[in-house]
Amino acid sequence: MTHFFEPEDVDHPLTSKEGWAAFVAETTTPPAVPPPAALQRLTEAERTAYDQAREDYHAQLVIVSTPTIRHVTATGRKRILLNRHQHSARCGLIVSGPAGTGKTTAITHLGKNFEQLGRQRGEVFPDALPVVYVTVPPAATPKMLAIEFARFIGLPLPSRFSQVEVTNKVCDLLCTLGCRLVLIDELHNLDIGTRVGAEASDQIKYLSERIPATFVLAGVDVEGTGLFAGRRGGQIASRYTLIPTSPFRHKTEEQRDSWRSLVATLEESLRLHDHRPGTLLKLSAYLHDRTGGMIGSLSHLVREAALDAILDGSERITKASLERVDLDEGAEQQNIPRARRRRARNEKRIA
């Protein structure tokens, strides 16, 4: 049998123990920017490798410590401590808000921070699995949820296994592996208004009882899904603290300062030869207008503009280069006239 990839070449998803372990171990080191004279002495192969390293770096860029990340991390740590000796009715968190407001980044940062700290302190044994990260599949059933946990662990399960058998295997193994934090993303995929969705919600509650861990859930505007309605919703509401996320505001001076601080942090992380420091900071109002204050859209805009600057050799980001970046439709619809003008310019350029 022909193998196209060696095991170490496989890019495991974050929703697997291998992908999560790589994420926890990952560190982003900014490439050193040599002075012009040293840059001129690079061979063609060396320059190509250097540019590729910068492309990889800008494709990731930095995780900015936003108010949401700080809030989720601080509150999550306290919940983990409070739950340490709880045998039932453990308290958890639900992070909810519009798409692009940093929910996934916040909960995965909490998990990464918790595991790194635990391993540094020797509180986690080498083969432990202190954190689990799964996403809720569309139209999830209770069995589908249990299988997502099994997939993360890498637990092989016969197809004939029932929901109860899968759930028991998952819970027993996670208890053995010392799981202390469970992150469940894409919670909005649960349709609580249906019988199957309600049962899947019950499955999460059951898992939280069986696994001695703090559960942190995240989804798009989950308050509107009916998650807190009725008797089931009352039980969830009594155990979970809701942390809402939202776009960055830009009305008061304090809000503008917060946005400028975010922009400045992103700009300082750039590794471009001819970029003028302070350019993005001066464009902070424009950047808010372009992105609607969505951190996901801002990160996309700056990262793609940086990649363009490397690929086209300009080595700088300007307002003109930012205008050439096509953002997600959510951000573009923040300003319909601007979106129409940009589309017209793009169509003219292509023609």
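Attention here is on the structure that accompanies the text.

Criteria and cut-off values
- Residues numbered from 1 in each chain as written.
- Predicted model: local features only at pLDDT ≥ 70, side-chain atom pairs only at ≥ 80, totals over all residues.
- Heavy atoms only, no water.
- Buried < 20%, exposed > 50% of the residue type's maximum accessible area, 1.4 Å probe, protein only.
- Helix = DSSP H or I, 4+ residues; strand = E, 2+ residues; numbered from the N terminus.
- Pairing = 2+ DSSP bridges.
- Axes fitted to C-alpha atoms, helices over the stretch in contact; angles between N-to-C directions.
- Contact = heavy atoms within 4.5 Å.
- Left-handed = near helix turned anticlockwise from the far one by under 90°.
- Nonpolar A, V, L, I, M, F, W, Y, C, P; charged D, E, K, R; others polar.
- Salt bridge = Lys/Arg side-chain N within 4 Å of Asp/Glu carboxyl O.
- Expected span 1.5 Å × (residues − 1).
- Arc of directions from axis to C-beta.
- Core = buried A, V, L, I, M, F, W, Y, C linked by side-chain atoms within 4.5 Å.

**Topic: unusual backbone geometry**
The backbone of Ala 139 sits at a positive phi, close to 50 degrees, despite the residue not being glycine. The class of Ala 139 is exposed, set by a relative accessible area of 62%. Despite not being glycine, Glu 315 shows a phi value in the positive range, around 60 degrees. Looking at where Glu 315 falls in the secondary structure, it is placed in the loop between α13 (295-311) and α14 (319-323).

**Points about the sheet that holds strand β2 (residues 131-135)**
Reading across from one edge, β2-β3-β4-β1-β5 is the order of the five strands in this open sheet, with parallel pairing throughout. The sheet is open, and its two borders are formed by β2 and β5 (240-244), each paired with just one other strand. Across the sheet, the axes of successive neighbouring strands diverge by a mean angle of 15 degrees, strand direction being ignored. Those strands touched by helix α5 (residues 103-120) are β1 (92-97), β2, β3 (181-185) and β4 (214-220), and its axis lies near 165 degrees from that of β3. Packing of helix α6 (residues 142-153) onto the sheet brings it into contact with β2 and β3, and relative to β2 it is tilted by some 130 degrees.

**A look at the pairing of β1**
Counting buried positions along β1 yields six of six residues, so the element is predominantly enclosed. Residues Gly 92, Ile 94 and Ser 96 line one face of β1 and the alternating positions Leu 93, Val 95 and Gly 97 line the opposite face, and both faces are buried. Sheet analysis places β1 next to β5, joined by five bridges and oriented parallel. Residue pairing for β5: Leu 93 is matched across the bridge by Thr 241.

**Here's the deal with the packing of helix α8 (residues 195-210) against helix α9 (residues 230-239)**
One way to put it is that α8 packs onto α9 with a least axis distance of 11 Å and a crossing angle of 35 degrees. Crossing of α8 against α9: the hand is left-handed. Taken together, the residues of α9 that come into contact with α8 (itself represented by Ala 198, Ser 201, Asp 202, Lys 205 and Glu 209) are Arg 232, Gln 235, Ile 236 and Arg 239. Within the contact of α8 with α9, the residues separate by chemical class into two nonpolar, two polar and five charged.

**Quick notes on the pattern of salt bridges**
Within the structure shown, the criterion is met by 14 salt bridges. Between Asp 257 and Arg 260 there is a salt bridge, with its nearest N and O atoms 2.4 Å apart. Placement of both Asp 257 and Arg 260 in helix α10 (residues 253-268) is noted, with a separation of three residues, approximately one turn of the helix. For Asp 257, a relative accessible area of 39% translates into the label partly exposed. Each member of the salt-bridge network shares a partner with another, and the members are Arg 47, Asp 51, Arg 54 and Glu 315.

**Notes on the side chain of Thr 75**
Relative to the helices and strands, Thr 75 is located in helix α4 (residues 67-83). Ignoring any residue separated from it by four or fewer positions in sequence, one finds Thr 75 in contact with Leu 93 and Ile 243.

**Considering the pairing of β2**
A regular strand places its side chains so that they alternate between the two faces of the sheet. In terms of burial, β2 is a largely internal element, four of the five residues being buried. Examined bridge by bridge, β2 and β3 share five bridges and lie parallel to one another. Residue pairing in the sheet places Val 131 in a bridge with Leu 181 of β3.

**Here we look at the environment of Leu 270**
Inspection of the secondary structure assignment puts Leu 270 in the loop between α10 and α11 (279-282). For the pair Leu 270 and Ile 236, spaced 34 residues apart in sequence, the C-alpha to C-alpha distance is 43 Å. Every residue in contact with Leu 270, bar those within four places of it in the chain, is listed here: His 58, His 275, Leu 280, Val 302, Ala 306 and Ile 317.

**Remarks on helix α7 (residues 163-176)**
Since the α-helix packs 3.6 residues into each turn, any two residues three or four apart lie on the same face. In this model, α7 (14 residues) spans 20 Å end to end at C-alpha, consistent with the 20 Å of a helix rising 1.5 Å per residue. Every buried residue belonging to α7 is among Val 166, Thr 167, Val 170, Cys 171 and Leu 174, and all of these are buried. Around the axis of α7, the buried residues are gathered within 125 degrees of arc, so they sit on the same side. Away from the buried face of α7 by more than 90 degrees, exposed residues Val 164 and Thr 176 are located. The inward-facing, buried residues of α7 abut β2, α6 and α8. Positioned one or two residues after α7, Gly 178 has a phi angle of 70 degrees, which is positive.

**Examining the nonpolar core**
Counting residues in hydrophobic clusters, the biggest one holds 53 residues, and the most contacted among them are Phe 149, Leu 174, Ile 184, Ile 204 and Phe 215. In this structure Phe 215 touches Gly 92, Leu 93, Val 182, Ile 184, Ile 204, Leu 207, Ser 208 and Tyr 240, once residues within four positions along its chain are discounted. Counting 24 residues, the second largest nonpolar core, distinct from the first, contains Val 64, Ala 305, Leu 322 and Val 325.

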